[in-house]
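# Descriptive structure summary
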Amino acid sequence: MENPFGKITTLEKVMEFFHDGMSLLFGGFGGVGSPPTLIDGILEKGIRNLTLIGNDTGFPHIGIGKIVSQERAVKVIASHIGSNPIAGKLMHEGKLEVEFSPQGILSERIRAGGVGLPGILSDIGMDNEMVAKNKPVMSLNGKDYLVETPLTAEIAIIYAKKADEYGNLIFDKSSRNNNPLVAMAGDLTIVEVEEIVPMGSLNPEEIVTPGVFVDYIIPSKGVNWKWAWE
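Residues numbered from 1 in each chain as written. Predicted model: local features only at pLDDT ≥ 70, side-chain atom pairs only at ≥ 80, totals over all residues. Heavy atoms only, no water.

### Topic: the pairing of strand β2 (residues 50-53)
To keep it simple, the criterion reads: Two strands are counted as paired when DSSP detects at least two bridges linking them. Strands here are runs of E lasting at least two residues and helices are runs of H or I lasting at least four, both read from the DSSP assignment and numbered beginning at the N terminus. Here a crossover is taken to be right-handed if, once the strands point away from the viewer, the path from the first strand over the helix to the second is traced clockwise.
Direction of pairing for strand β1 (residues 23-26) relative to β2: parallel, over a ladder of three bridges. Pairing of S23 across the sheet is with T51, part of β2. You can see the chain leave β1, run along helix α2 (residues 36-45) and come back into β2, and the turn it takes is right-handed. With four bridges connecting them, β2 and strand β3 (residues 73-78) associate as parallel partners. What sits directly across from T51, in β3, is K75.

Structure representation (structure tokens):
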């Protein structure tokens, strides 16, 4: 495989960008669509004190849940943690800070971070103390809204079915989930892919994430989440 843009690399090379105390955006929904090779690489390197941003905390042994279960995270920004009881246990013990955001709002906050918006206005959760806590309120056309801040991170890790040499991406069914949004919002975006193909091999109409958002591409060693919901 040619590598004219220098984006195709190895797990060992991209691990050089990860460090203790960093912020990390991740793709996946209940583990499905998360990048397991990258997650295992983070665990093997011993990275700790992470701030994780993504839809949920996976399952104890699937997806980002493996990082949470090993107490490598100090904070999680997610829509729910219910599929990973260890996350709930750590939260109640004061070992894990959890910021809950309604699922659609979480996605919009990530999108806002990716496109450079200073924030979004939403009336969702106005009467919910957990959602509204410490958030400014803005009045527009006679109605009050919460000001939701954008979400970005030092590194975004995502999973895709196919990538060409430039990093144009195609996803597989529901494993697409919020991966395209996450790809936009990292200072550095690394994609783990099932298959790397030559330029021109992908149907332009099927490309979801343009390669301009992708910094590095690594081949996947295989996923552990295909049957997570069965």
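### Considering the sheet that holds strand β6 (residues 137-140)
Stated precisely, the cut-off is as follows: Helix axes are fitted to C-alpha atoms over the stretch in contact, other axes to C-alpha atoms as well, and angles between N-to-C directions run from 0 to 180 degrees.
Strands sit in the order β5-β7-β6 across an open sheet of three strands; the sheet is antiparallel. Of all strands in the sheet, those bounded by a partner on one side alone are β5 (120-122) and β6. Between one strand axis and the next, the sheet turns by 45 degrees as a mean value, whatever way the strands run. Relative to strand β7 (residues 143-148), β5 runs antiparallel, the two sharing three bridges. Bridging across to β7, S122 finds its partner in L146.

### Concerning the side chain of K7
Stated precisely, the cut-off is as follows: Summary of the burial criterion: residues with accessible area below 20% of their type's maximum are buried, those above 50% are exposed, and those between are partly exposed, where the area comes from a 1.4 Å probe applied to protein chains only. None of His or the chain ends enter the tally, which takes Lys and Arg as positive and Asp and Glu as negative. Any Lys or Arg side-chain nitrogen located within 4 Å of an Asp or Glu carboxyl oxygen qualifies as a salt bridge. Whenever a nitrogen or oxygen atom comes within 3.5 Å of another N or O atom, the pair is scored as a polar contact, on the condition that within protein one atom can donate a hydrogen and the other can accept it, and that pairs from neighbouring residues in sequence are kept only if both atoms are in side chains. Should any heavy atoms of two residues lie within 4.5 Å, those residues are considered in contact.
With respect to the helices and strands, the residue K7 is situated in the segment before α1 (11-14). Put simply, K7 is tucked away with no salt bridge, and the nearest opposite charge, on D215, sits 6.4 Å away. From its side chain, K7 meets the backbone oxygen of G211 in a polar contact 2.7 Å long. Ignoring sequence-local partners within four residues, the contact set of K7 consists of E165, Y166, G211, V214, D215, Y216 and I217.

### Observations regarding the packing of aromatic side chains
What counts here: By convention, a stacked pair of Phe, Tyr or Trp rings (six-membered ring in the case of Trp) has centres within 6.5 Å and planes under 30 degrees apart, an edge-to-face pair has planes over 60 apart, and any other such pair is tilted. Only lysine NZ and arginine CZ atoms are considered, and such an atom sits over a ring when it is within 6 Å of the ring centre and within 35 degrees of the ring normal.
In this structure the tally under the stated criterion is three aromatic pairs. Each ring, one from F5 and one from Y166, has its centre 4.9 Å from the other, and the planes form 65 degrees; the classification is edge-to-face. Here F5 is found in the segment before α1, whereas its partner Y166 is found in the loop between β8 (153-164) and β9 (169-170), with 161 residues between them in sequence. Positioned above the aromatic ring of Y166 is the side chain of K7, whose terminal nitrogen or guanidinium carbon lies 3.9 Å from the ring centre.

### Quick word on the environment of P210
Here P210 lies in the loop between β10 (186-197) and β11 (216-219). For P210, the contacting residues outside a window of four places in its chain are G167 and N168.

### Describing unusual backbone geometry
Comment: phi is negative for the bulk of residues other than glycine, and the bulk of peptide bonds are trans. Phi is positive for E71, close to 60 degrees, though the residue is something other than glycine. In this fold, E71 is placed in the loop between α3 (65-69) and β3. The partly exposed category is assigned to E71, whose relative accessible area is 43%. Unlike most non-glycine residues, N134 shows phi in positive territory, near 65 degrees. Turning to its location among the elements, N134 is positioned in the loop between α6 (129-132) and β6. With a relative accessible area of 72%, N134 lands in the exposed category.

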